[in-house]
Amino acid sequence: ARHTTRRALPLAVELAGLAGDAQTVDNSTRLLAAEVWNGTEPLPDVQSAVYLIAARGAAAASDPDAAIVPTRDGLAVSVWSALSALHTASSRAGNARKASALLDALCAAGRGWTSRSLSLSLSDDVRAQDSAYVVRCVAGAGAAERDVAWDFLMANWDALNDKAGGAGAAAGGLASLFDSVASGFLTSARKVDVIEAFARHPDADIGLHRTHALESIDDNVRWLKRNADTLCTRLGG
């Protein structure tokens, strides 16, 4: 029972935060501030959830840099800066688990952080093998974020390819990323964009990635048509 409770706790915290519970967002930001201030980390069971909720709370604000946390020297930094600094420190210290949780928070927050999150994929602060993950993570934050991630991928294909090491495994990784981002689109118009993009980037047309992406979009379009009335009713449309 104790093991089940420990597994359920982070999920409950995260769900409350993602639902927009103001108290949970405030508490998470306070826990982040405590770590920046005196090095007291959130409990391992809720650490990932704390970082993500603090990030999403800040990213959803009208000014994404408005939420700040105090530092030891009496100054204050934005939540983005605090998470970024902790991520860099954790990466350099070889704490892969914590660095991964912080990177997730920086990339999955969406909203006002979307563009800066994507820029991390080309930053020296992110390992080459994590570049594709950053873009994929941003795309998964929502439909609007997916559109921005797609545009970023198209505009920075060569740069991402270069950072990942060029041909071979790197090309396969980017082809998988191409597939992953494109597969979430919901309209026939976007399918046309994807077909044209594959024509411009034949190096992405590896294995079954092109087929999978286009079939996934078709499935999404059919599902929306089939469930449009139900969705409108449940959403109050």
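Only a predicted model underlies this, so the values are computations on that prediction, with no experimental measurement involved.

### Brief notes about the packing of aromatic side chains
- Within the structure shown, the criterion is met by five aromatic pairs.
- Summarising the aromatic geometry, the rings of Trp150 and Phe185 are spaced 5.4 Å apart at their centres and angled 85 degrees between planes, so their arrangement reads as edge-to-face. Taken as a pair, Trp150 in helix H8 (residues 143-155) and Phe185 in the loop between helix H10 (169-182) and helix H11 (188-200) lie far apart in primary sequence, 35 residues in all.
- Aromatic side chains Trp157 and Phe178 sit 5.5 Å apart centroid to centroid with 80 degrees between the ring planes, which places their arrangement in the edge-to-face category. A residue pair is termed long-range when its members are at least 10 positions apart, and Trp157 in helix H9 (residues 157-164) and Phe178 in helix H10 qualify at 21 residues.
- Above the ring of Trp80, the side-chain terminus of Arg116 is found at 5.3 Å from the ring centroid.
- For Arg190, the ring lying beneath its charged end belongs to Phe185, and the centroid distance is 4.7 Å.

### Some details on unusual backbone geometry
- With a phi angle near 50 degrees, Arg111 is a residue other than glycine that sits in the positive phi range.
- Position of Arg111 among the secondary structure elements: in the loop between helix H5 (96-108) and helix H6 (114-119).
- Among the residues examined, Arg111 registers a relative accessible area of 56% and is labelled exposed.

### Description of the state of the cysteines
- What the rule picks out here adds up to zero disulfides.
- Note on Cys107: no disulfide assigned, nearest cysteine sulfur contributed by Cys137 at a separation of 4.9 Å.
- The class of Cys107 is buried, set by a relative accessible area of 0%.

### Structural notes on the confidence of the model for the chain
- Here the chain shows a mean pLDDT of 84. Residues at 70 or above account for 84%.
- Between residues 1-9, whose pLDDT stays under 50, and residues either more than four places distant or in other chains, the model counts two contacts.

### Regarding the pattern of salt bridges
- In total, this model carries nine salt bridges according to the counting rule given.
- For the salt bridge of Lys98 with Glu35, the shortest nitrogen-to-oxygen distance reads 2.4 Å. With Lys98 in helix H5 and Glu35 in helix H2 (residues 22-38), this pair connects stretches of sequence that are 63 residues apart.
- Overall, Lys98 belongs to the buried group, its relative accessible area being 7%.
- Glu35 gets classed as buried once you look at its relative accessible area, which sits at 5%.
- A single salt-bridge network, built from bridges that share partners, covers Glu35, Glu41 and Lys98.

### Let's talk about the side chain of Glu35
- A polar contact of 2.7 Å, which involves the side chain of Glu35, links it to the side chain of Tyr51.
- Apart from residues lying up to four places away in sequence, Glu35 is in contact with Thr40, Glu41, Pro42, Tyr51, Leu86 and Lys98.

### Focus on the nonpolar core
- Formed by 54 residues in total, the largest nonpolar core has its most connected members in Leu32, Leu83, Trp113, Leu120, Trp150, Phe178 and Val194.
- A per-element tally of this core places H5 first, with seven residues.
- Ignoring sequence-local partners within four residues, the contact set of Leu83 consists of Leu32, Tyr51, Ala55, Leu102, Ala105, Leu106 and Trp113.

Rules used throughout
- Residues numbered from 1 in each chain as written.
- Predicted model: local features only at pLDDT ≥ 70, side-chain atom pairs only at ≥ 80, totals over all residues.
- Heavy atoms only, no water.
- Phe/Tyr/Trp six-rings, centres within 6.5 Å; stacked < 30°, edge-to-face > 60°.
- Helix = DSSP H or I, 4+ residues; strand = E, 2+ residues; numbered from the N terminus.
- Lys NZ or Arg CZ within 6 Å of the ring centre and 35° of its normal.
- Buried < 20%, exposed > 50% of the residue type's maximum accessible area, 1.4 Å probe, protein only.
- Disulfide = S-S within 2.5 Å.
- pLDDT = per-residue confidence, 0-100.
- Contact = heavy atoms within 4.5 Å.
- Salt bridge = Lys/Arg side-chain N within 4 Å of Asp/Glu carboxyl O.
- Polar contact = N/O pair within 3.5 Å; in protein donor to acceptor, adjacent residues only side chain to side chain.
- Core = buried A, V, L, I, M, F, W, Y, C linked by side-chain atoms within 4.5 Å.

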